[in-house]
Amino acid sequence: MGHAKLQSIHLHPVKACRGIAPREVVVEPWGLAGDRRWALIDDGGKVVTQRQRPRLALAAAELLPGGGVRLSAPGMDLLTVPVPRRVGTVPVEIFRDKVEAVLAEDDAAHAWFSDFLGVDVRLAHMDDPATRRPVDPQYALPGETVSFADGYPLLLTTAGSLDALNSLIAQGDHAGEGPLPMNRFRPNVVVSGTAAWAEDGWSRVAIGEVAFRVPKKCGRCVVTTTDQGTAERGREPLHTLGRHRRLDGKLVFGQNLVPLSRGTIRVGDPFTILD
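The structure reproduced in this document is the subject of the present report.

Rules used in this analysis
Residue numbers restart at each chain and count upward from 1, following the sequence in its written direction. Reporting of local features is limited, given that this is a predicted model, to residues whose pLDDT is at least 70; pairs of side-chain atoms are given and counted only at 80 or more, and all residues count toward the totals for whole chains, interfaces and linings. Where side-chain values are given, they derive from all heavy atoms of the structure, hydrogens and water being excluded. Criterion used throughout: strands pair if DSSP finds at least two bridges between them. For helices the rule is a DSSP run of H or I covering at least 4 residues; for strands it is a run of E covering at least 2, with both sets numbered from the N terminus onward. Here an axis means a line fitted to C-alpha atoms, over the contact stretch when the element is a helix, while the angle between two N-to-C directions is reported on a 0 to 180 degree scale. Exposed residues in this analysis have more than 50% of their type's maximum accessible area, buried residues have under 20%, and partly exposed residues fall in between, with area computed by a 1.4 Å probe over protein chains only. Contacts are residue-level and defined by heavy atoms, with any inter-residue pair within 4.5 Å sufficient. Buried residues of nine kinds, namely Ala, Val, Leu, Ile, Met, Phe, Trp, Tyr and Cys, make up a nonpolar core once their side-chain atoms join them within 4.5 Å. Centres within 6.5 Å are what make two rings of Phe, Tyr or Trp a pair, Trp counting through its six-membered ring; a difference in plane orientation under 30 degrees is then read as stacked, over 60 as edge-to-face, and the rest as tilted.

**Description of the sheet that holds strand β3 (residues 31-32)**
In step 1: As summarised here, the arrangement of the 3 strands in space is β3-β2-β19, forming an open sheet in which the pairing is antiparallel. Every interior strand has two partners, whereas the edge strands, β3 and β19 (263-266), have only one.
In step 2: The pairing of strand β2 (residues 24-28) with β19 spans 4 bridges and is classified as antiparallel. For Val 27, the partnering residue across the bridge sits in β19 and is Gly 263.

Put into structure tokens, the structure is as follows:
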């Protein structure tokens, strides 16, 4: 298969917002350091994502030392939001999980996102990812936890599979929507040098010095149909995934990862299939 390697790293400091692409990052047990530690919640405490608000694709969050964020978006002033002190928590509902989080202290953060989206939301921070939210027990080992990511600490995608998917899109009914960029899938790590769909068979892998287990394939949702540059929605890739990548009742692209060790990963690191 040639020399497989880590092609890029992607961090999303605020869930559902545009992320950043560092050259190296520390891997913590619950995910990449700084990834999805912030999330927006509605009046009922439910997490708000691009599923409901595709416009979030246009809001960018840059990670600051210490874990705060700098927010930017079209028509909005820059806003810096520090990590809140742990003075009390609010209940947050993310899919079926109920977790505790800490609201941003400055009302300006809530107002900024509410103005941008045109709906009342609040910005919350996961203060202690080691204890707040266990990984789905059906696929977890004891003690595994996750940030505000959809379900698992990391999401891996491969350049080979994207190329194959784009070839299928080009032959289909909505060929004009392709080729799609990898940011549609909002991965944490992108690997190059592996065969298309080879990831279906992996159970343990390593990126540089850090080992991961591969608990399950990633089932995809409407967010993948959202152009991350314009927030407009189309039919792809779900139309094509539905025809060619329906596995276990889900439309699959990418693999979820759980770290087996701590360490630092860097763009260009060798990627190894352990089993």
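**Some thoughts on the sheet that holds strand β7 (residues 69-72)**
In step 1: On the basis of which strands lie adjacent, the open sheet formed by 3 strands has the order β6-β7-β8 and antiparallel pairing. The two strands at the open ends of the sheet, each matched to only one other strand, are β6 (60-63) and β8 (79-81). Strand after strand, the sheet turns through a mean of 25° between neighbouring axes, direction not considered.
In step 2: Relative to β7, β6 runs antiparallel, the two being bridged by 4 bridges. Looking at the pairing, Ala 60 lines up with Ser 72 of β7.

**Here we look at the environment of Val 205**
In step 1: Checked against the element boundaries, Val 205 lands in strand β14 (residues 204-207).
In step 2: Overall, Val 205 belongs to the buried group, its relative accessible area being 0%.
In step 3: Along the primary structure Val 205 and Thr 145 are separated by 60 residues, whereas in three dimensions their C-alpha atoms are 19 Å apart.
In step 4: Setting aside chain neighbours within four positions, we find Val 205 in contact with Val 210, Ala 211, Phe 212, Val 214, Leu 257, Phe 271, Thr 272, Ile 273 and Leu 274.

**Some words on the nonpolar core**
In step 1: In this structure, Val 14, Leu 40, Leu 56, Leu 71, Val 81, Phe 113 and Leu 123 are the most contacted members of the largest nonpolar core, which totals 24 residues.
In step 2: If you tally residues by element for this core, the top one is helix α1 (residues 107-117), at 5 residues.
In step 3: Contact partners of Val 81, with chain neighbours within four places excluded, come to Trp 38, Gly 68, Val 69, Leu 71, Ala 104, Ala 109 and Leu 123.

**Side note on the pairing of β14**
In step 1: Here β14 pairs with strand β15 (residues 210-213) via 4 bridges, running antiparallel. Its bridge partner being in β15, Ile 207 is matched across the sheet by Val 210.
In step 2: Where β14 folds back on β15, the antiparallel hairpin that results is connected by 2 residues, among which Gly 208 adopts a positive phi of roughly 55°.
In step 3: Pairing geometry for β14 and strand β20 (residues 271-273), over 3 bridges, is antiparallel. Note that in β20 the partner of Val 205 across the bridge is Ile 273.

**A short note on the packing of aromatic side chains**
In step 1: Under the criterion given, the structure shown has 5 aromatic pairs.
In step 2: Aromatic side chains Trp 112 and Phe 116 sit 6.1 Å apart centroid to centroid with 25° between the ring planes, which places their arrangement in the stacked category. Residue Trp 112 and its partner Phe 116 are both found in helix α1; the two are separated by 4 residues, about one turn of the helix. Side by side, Trp 112 and Phe 116 carry an identical accessibility label, which is buried.

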